[in-house]
Amino acid sequence: MLNEKQKDLVKATVPVLKENGEALTDYFYKRMLKNNPGLKETFNMGHQRSGAQAKALAGAVLAYAENIDNPAVLLPVIELICNKHVSLNIQSPDYDIVGENLLHSISEVLSIPMDDELITAWGAAYKQLADIFISTENQLYDERKQSPGSWTGWRNFIVDKKVKESEEITSFYLVPQDAQPLPAYKPGQYITLRVLVPALGIKQPRQYSLSSSPADNYLRISVKREDARTEGQDPGYVSSTLHNTVDKGSVVELSAPAGNFYLLNPDTNNVLISAGVGLTPMISMVNHLLAEHADPNFKPALRDGINAGTREYRALKKEIYFIHAARSSEVHALRKELKNLASQNDNLHVFIAYENVKEDEVPGKDYQVKGRLDLNALPAAYLPAEADYYLCGPVPFMQEQYRSLISLGVPKEKIFSEAFGTGGLHL
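Residue indices follow the written sequence of each chain, beginning from 1 at its first position. Side-chain atom pairs in this predicted model are given and counted only at pLDDT of 80 or more, local residue features only at pLDDT of at least 70, and totals for whole chains, interfaces and linings cover all residues. Values reported for side chains reflect all heavy atoms of the structure, with hydrogen atoms and water molecules removed beforehand.

Quick look at the overall build of the protein chain now. Helix and strand definitions follow DSSP, with helices as H or I runs of at least four residues and strands as E runs of at least two, each counted in order from the N terminus. Within the protein chain one finds 12 helices and 12 strands. Here the radius of gyration uses the C-alpha set of atoms, whereas the globule reference equals 2.2 Å times the residue count to the power 0.38. Compactness check: the protein chain gives a C-alpha radius of gyration of 23 Å against a globular reference of 22 Å for 427 residues, within 12% of the reference. Its C-alpha atoms put the protein chain at 70 × 50 × 45 Å along the principal axes. Buried residues in the protein chain amount to 51% of all 427 residues. In this description, contact between two residues means that some pair of their heavy atoms is separated by no more than 4.5 Å. When contacts within the protein chain are restricted to residue pairs at least 6 apart in sequence, those whose partners lie at least 24 apart make up 73%. Accessible area of the protein chain: about 19,700 Å², with a carbon and sulfur share of 50%. Think of it this way: Lys and Arg go in the positive column, Asp and Glu in the negative one, and His and the chain ends go nowhere. Here the site of a charge means atom NZ of a Lys, CZ of an Arg, CG of an Asp or CD of a Glu. In the protein chain, 44 positive and 52 negative side-chain charges are present, and the distance between their average locations comes to 4 Å. Exposure classes here rest on a 1.4 Å probe applied to the protein chains alone. A residue is buried below 20% of its type maximum, exposed above 50%, and partly exposed in between. Areas reported here follow the Shrake-Rupley algorithm with a probe of radius 1.4 Å; residue values treat only the protein chains shown as occluding.

Following this line, the structure appears as structure tokens:
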């Protein structure tokens, strides 16, 4: 157990962590991966290259030290990270490896002997946190074992179809190689995909939100190509591999759907606000809502632009508001699918903001507003008082929309978000 003296020692390191946290965690990752090269197939090397992983861990270690008296305040973040850990198949022995390297990193970076009482205090603090993670993750693993169609570890999937959705985003339709059923995942959740990256010579994992409906007999991910042209940085290892070398018939590894960002209540109004590729979990939510309320006795002919094209939808009792921001129509993925769904459902209301528009694009038809999305300027009907609000997109976009919703009087407990990128505690 972590005693009061040890808590005080951990809290005393807060100033040091604020000043040297990223240097410490960067050293930690390099040390651990050098000593345990097999973990390179668990940790995203793109995040290591960019420094995002070290920055995220530094923030998390600092947050833990600051809240060592009451780590329960971190439970929402812990739940988020435990889902990611389970999606990466992280197991209890992995925490021993992390703990050993973390303590040695503290000792070596701060020039503190391993037998110093501060190292002992951090060892006790780490064990306390690791026990919370392990217990939570064991529950998630048990849920997978008991859920029909689900699985633990990695499962081979075949690329059944590869569809270019925009200038930057391509969809991959994935079916299980073993032809066994799929789990009834929650719309908004993600899978972790692992594929051999030729540039590295090792397999690499990456999380992608599912853009399909749980009612479909496949899993669909819609992947943005992350390269220097679109990001101003080094190409993404996994996204580049998927776009350049993974084609129909290729085999990839998936973990079972995971994540604590998903549709909570289909029986209320739902407002889905996204930017860029952040629309993928929202498309899953829309398809799920419509499929849940489909009329099973009506079977229309195939319709262009709908994935399966075999369902007609009757009106829902509640309204769906799909609010999306993109740089232009060229990079707006799944646009035709969304447009077709909206044309067939009076309760699905779409509002699109493009920063740049083409001369032949018509406001009110091809988009609703030119420029950046400003929720304060939206028609009031798109932001009903009785509704759940979902946000997904880059962090700056998320922060801006959250502030706008709060200023418009939306209760914070009605706002749910899934931010892109590396965040939270990654142990």
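Here the narrative resumes.
Classification of ring pairs uses Phe, Tyr and Trp, with its six-membered ring standing for Trp, and accepts pairs whose centres are within 6.5 Å; under 30 degrees between planes counts as stacked, over 60 as edge-to-face, and the remaining range as tilted. This structure, assessed with the given rule, holds 10 aromatic pairs. Plain terms: the ring middles of F28 and Y29 are 4.9 Å apart, the flat faces sit at 55 degrees to each other, and that makes the pair tilted. Overall, Y29 belongs to the buried group, its relative accessible area being 1%. What links up through ring pairs into an aromatic cluster is the set F28, Y29 and F43. For R155, the ring lying beneath its charged end belongs to W151, and the centroid distance is 4.7 Å. Charges are assigned to positions over rings by a cutoff of 6 Å between ring centre and Lys NZ or Arg CZ, combined with an angular limit of 35 degrees from the ring normal.

A few words on the confidence of the model for the protein chain. Mean pLDDT for the protein chain: 89, with 90% of residues reaching 70 or above. Scored from 0 to 100, pLDDT records how confident the predictor is in each individual residue. This model gives residues 298–316 a pLDDT under 50, and the stretch forms 45 contacts once residues within four places in sequence are excluded. Here residues 421–427 is modelled with pLDDT under 50, and outside its nearest four sequence neighbours on either side it reaches 32 contacts, counting other chains as well.

Let us now look at the environment of V395. With respect to the element layout, V395 can be found in helix α12 (residues 395–407). The sequence separation of V395 and E418 amounts to 23 residues, and the corresponding C-alpha distance is 9.2 Å.

The pairing of strands in a sheet comes from backbone hydrogen bonds and takes either a parallel or an antiparallel form. Between any two strands, at least two bridges found by DSSP are needed for them to pair. Ordered in space as β4-β3-β6-β1-β2-β5, the 6 strands form an open sheet in which the pairing is antiparallel. Of all the strands in the sheet, the pair left with one neighbour each is β4 (202–209) and β5 (219–224). Each neighbouring strand pair of the sheet contributes to a mean axis angle of 40 degrees, computed without reference to strand direction. By the bridge criterion, 2 bridges tie strand β3 (residues 190–197) to strand β6 (residues 251–254) in an arrangement that is antiparallel. Opposite R194, over in β6, you have E253 as the bridge partner. The axes are straight lines fitted to the C-alpha atoms, using for helices just the contacting stretch, and the angles between their N-to-C directions are given from 0 to 180°.

A separate point is the packing of helix α2 (residues 14–35) against helix α6 (residues 92–109). Each pair of packed helices gets described by two things: the angle between the helix axes and the distance between those axes. Across the interface, α2 lies against α6 with an axial gap of 9 Å and an inter-helix angle of 130 degrees. The angle between α2 and α6 falls in the class oblique. Our pair here, α2 against α6, has a crossing hand that is right-handed. Contacts from L24, Y27, F28, R31, M32 and N35 in α2 reach I97, V98, N101, L102, H104, S105, I106, E108 and V109 in α6. Here is the rule for angles: anything less than 35 degrees is roughly parallel, anything more than 145 is roughly antiparallel, 65 through 115 is roughly perpendicular, and the remaining ranges are oblique. By the definition used in this description, the sense in which the near helix is turned from the far one sets the handedness, with an anticlockwise turn below a right angle giving left-handed and a clockwise turn giving right-handed.

Turning next to the pattern of salt bridges. Whenever Lys or Arg places a side-chain nitrogen within 4 Å of a carboxyl oxygen from Asp or Glu, that contact is recorded as a salt bridge. Applying the stated criterion across every chain, the model contains 18 salt bridges. For E253, the salt bridge goes to R194, with nearest N and O atoms at 2.8 Å. Taken together, the positions of E253 in strand β6 and R194 in strand β3 put the pair 59 residues apart, joining distant regions of the chain. Taking relative accessible area as the criterion, E253 reaches 14% and is therefore assigned buried. The partner of K414 in a salt bridge is D388, with the nearest N and O atoms 3.4 Å apart. Taken as a pair, K414 in the loop between α12 and β12 (415–419) and D388 in strand β11 (residues 388–393) lie far apart in primary sequence, 26 residues in all.

Let us look at unusual backbone geometry. At S111, a residue that is not glycine, the phi angle is positive and equals roughly 55 degrees. Residue classification places S111 among the exposed residues on the basis of a relative accessible area of 64%. With a phi close to 60 degrees, L334 is a non-glycine residue in the positive phi region. Turning to its location among the elements, L334 is positioned in the loop between β8 (320–326) and α11 (335–344).

Here the focus is the pairing of strand β7 (residues 270–275). By the criterion of burial, β7 is predominantly enclosed, with 6 of the 6 residues buried. Along β7, one buried face is formed by N270, L272 and S274 and the opposite face, lined by V271, I273 and A275, is buried too. Sheet analysis places β7 next to β8, joined by 6 bridges and oriented parallel. Bridged to S274 within β8 is H324. Relative to β11, β7 runs parallel, the two sharing 5 bridges.

This part is about the side chain of T42. Summarising the element assignment, T42 is placed in the loop between α2 and α3 (45–50). According to the relative accessible area criterion, T42 is buried, its value standing at 19%. In this structure, T42 is in contact with L88, I90 and P205, ignoring residues within four places of it in sequence.

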